[in-house]
Amino acid sequence: MADVLVVAEAAEGKLKKTTHSAVTFAKAAAAALGGSYSILVIGDALGGAVAEAAALGAAKVIVAEDASLKDYVAERYAPTVAAVGKGFAVVVGTASAFGKDLLPRVAAKLGAGYAGDISELLIGGGKLQYKRPMYAGNAYGIASIPTAVQVVSVRQSAFAPSEPGDATAATEKVAIVAPSAGAARIEFVSFNQVKSERPELTEARVVVAGGRALKESFGKLLDPLADLLGAAVGASRAACDAGYCGSELQVGQTGKVVAPSLYIAIGISGAIQHLAGMKSSKVIVAINKDADAPIFQVADYGLVADLFQVVPDLVTQIRAAKA
Ligand SMILES: Cc1cc2nc3c(=O)[nH]c(=O)nc-3n(C[C@H](O)[C@H](O)[C@H](O)COP(=O)(O)OP(=O)(O)OC[C@H]3O[C@@H](n4cnc5c(N)ncnc54)[C@H](O)[C@@H]3O)c2cc1C
């Protein structure tokens, strides 16, 4: 076995961009193993997601479509993913909420070793090795997996998304595998998605992030700046915990990991747990009134100032420049 299977993430008939990062990994892993990669698209009413997957350079797109998979529940998806994955050397997905939930279950079903949230693929002695950030990114571990099938999830920000090409892969439909009697009793109740006109936090080119210091003015101060920059809004955990913004905005070790071209940290101290989620950003700008705040150690540009004065000023200046 030398082939790689990408478990795609689809929603509302579209492929989620997270899938493109797993494809980048799959290309490299398949090349190292001398095999090819296929993409499994699983769910219901997959619509254009299959065609999108077919344009990503895979040898084959495997389609598992069934009404019972309408709403994502790991226990219902895992048996089919494991059955398809059996024939592959590596099963990979992105370490999104979907991948982190589904892939360990798939690994357990396959009796496979699992390496989660990997940031780099290394080839050692013809074998795949996986670099994994640990201790909030302060150390790295190198893992190798001795089982016949290996299951991994990749950190989206560490693998540049694959671009679609002109070739179209062949598609193959597979029957779904019913969950066990116990798992079948799990019922989907609801999915409360926070809808936003802004780009997704993990995919945005620019992120404007705020900390506890913004208090109740969090949205009032950050939204105009984010809108002007076409940015996503992020937050420290302290800001989320205080209720100044939704928890879906949290960046960091226990939040989302982002690596945008520009990350503007406003009133964020720069605790290691926050840095773990954003320090790979290409350019980091920090605004903080404390010149000794740790955020300045990772910032490319720093402004020691009161955010309540500087942020509205910045908005006025950008508006004027754009007029
Ligand atoms: C297991 C664990 C996991 C964690 N996971 C995360 C995580 O995923 N993400 C995360 O962010 N944190 C996480 N934390 C929490 C983390 O340790 C910090 O407590 C948190 O990041 C602090 O948030 P903050 O910088 O907004 O708040 P604070 O530490 O209170 O810092 C506020 C900053 O604002 C500045 N400031 C105050 N007023 C102004 C002003 N008027 N103008 C300009 N600057 C001002 C201050 O100088 C200060 O630097 C985790 C902690 C633990 C223990």
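Residues numbered from 1 in each chain as written. Predicted model: local features only at pLDDT ≥ 70, side-chain atom pairs only at ≥ 80, totals over all residues. Heavy atoms only, no water.

Moving on, we come to the sheet that holds strand β5 (residues 60–65). The strand order across the open sheet built from 7 strands is β7-β11-β6-β1-β4-β5-β12, with neighbouring strands paired in parallel fashion. Each edge of the sheet is formed by a strand with only one pairing partner; in this case those strands are β7 (113–118) and β12 (170–173). Along the sheet, successive strands turn relative to each other by an average axial angle of 20°, direction set aside. Packing against the sheet, helix α1 (residues 18–33) makes contact with β1 (4–7), β4 (37–43), β6 (90–94), β7 and β11 (150–154), and its axis sits at approximately 155° to β6. The strands that helix α3 (residues 74–85) touches are β1, β4, β5 and β6; relative to β4, the one it contacts most, it runs at about 160°. (Pairing = 2+ DSSP bridges. Helix = DSSP H or I, 4+ residues; strand = E, 2+ residues; numbered from the N terminus. Axes fitted to C-alpha atoms, helices over the stretch in contact; angles between N-to-C directions. Contact = heavy atoms within 4.5 Å.)

Let's shift gears to the site of the ligand. Taken together, 25 residues form the shell around the ligand, and within it Arg 212, Ser 236, Thr 254, Ser 269 and Asn 288 come nearest. Within the backbone of Gly 267, a nitrogen or oxygen atom sits 3.1 Å from an oxygen atom of the ligand. A distance of 2.8 Å separates an oxygen atom of the ligand from a polar atom in the side chain of His 274. When the ligand sits alone it has 980 Å² of accessible area, and the protein chains cover 75% of it. (Near = heavy atom within 4 Å. Polar contact = N/O pair within 3.5 Å; in protein donor to acceptor, adjacent residues only side chain to side chain. Areas by Shrake-Rupley, 256 points an atom, 1.4 Å probe, with all protein chains shown as cover.)

Next up on the list: the nonpolar core. Core analysis: the biggest nonpolar cluster contains 35 residues, and Phe 25, Ile 39, Val 41, Val 61, Val 92 and Tyr 130 have the highest contact counts within it. The dominant element in this core, judged by the number of residues it contributes, is α1, at 6 residues. If you look at the next biggest cluster of nonpolar residues, it comprises 25 residues, including Val 206, Leu 222, Ala 231 and Ala 235. (Core = buried A, V, L, I, M, F, W, Y, C linked by side-chain atoms within 4.5 Å. Buried < 20%, exposed > 50% of the residue type's maximum accessible area, 1.4 Å probe, protein only.)

As a measure of interface size, the accessible area lost when the parts come together is often cited. The domain boundaries assigned to the chain delineate domain 1 (4–184) and domain 2 (206–322). Across the boundary between the two partners, domain 1 contributes 5 residues, which contact 7 residues of domain 2. For the domain 1 and domain 2 pair, buried surface summed over both sides reaches about 530 Å², with 54% attributable to carbon and sulfur atoms. It is Ala 136, Arg 155 and Ser 157 that lose the most area in domain 1 upon contact with domain 2, and together they represent 72% of the buried surface on that side. For the interface between domain 1 and domain 2, the tally reads 0 salt bridges. (Domains from an automatic or database assignment. Buried area = accessible area lost by both parts, 1.4 Å probe. Salt bridge = Lys/Arg side-chain N within 4 Å of Asp/Glu carboxyl O.)

With that settled, the discussion passes to the environment of Phe 191. Residue placement: Phe 191 occurs in the loop between α5 (181–184) and β13 (206–210). In sequence terms Phe 191 and Asp 71 are 120 residues apart; their C-alpha atoms lie 8.4 Å from each other.

Attention now moves to the sheet that holds strand β8 (residues 120–124). In spatial order, the strands read β8-β9-β10; together these 3 strands make up an open sheet with antiparallel pairing. Of all the strands in the sheet, the pair left with one neighbour each is β8 and β10 (139–143). For this sheet, the mean inter-axis angle between neighbouring strands, taken without regard to orientation, is 30°. Summarising the sheet, strand β9 (residues 127–134) and β10 pair through 5 bridges and their orientation is antiparallel. Within β10, the position partnered with Lys 131 by the bridge is Ile 142.

Now for the side chain of Arg 155. As for its placement among the helices and strands, Arg 155 is situated in the loop between β11 and β12. Judged by its relative accessible area of 16%, Arg 155 falls in the buried class. Excluding anything up to four places from it in sequence, Arg 155 contacts Asp 117, Ile 118, Pro 133, Val 257 and Ala 276.

The next subject is helix α4 (residues 97–110). With 14 residues, α4 should cover 20 Å at 1.5 Å per step; its first-to-last C-alpha distance of 21 Å lies within 8% of that length. Looking at α4, one finds that the buried residues are Phe 98, Gly 99, Leu 102, Leu 103, Val 106, Ala 107 and Leu 110. Considering only its buried residues, α4 is in contact with β1, α3, β6, β7 and β11. Count one or two residues on from α4 and you reach Gly 111, which has phi positive near 65°. (Expected span 1.5 Å × (residues − 1).)

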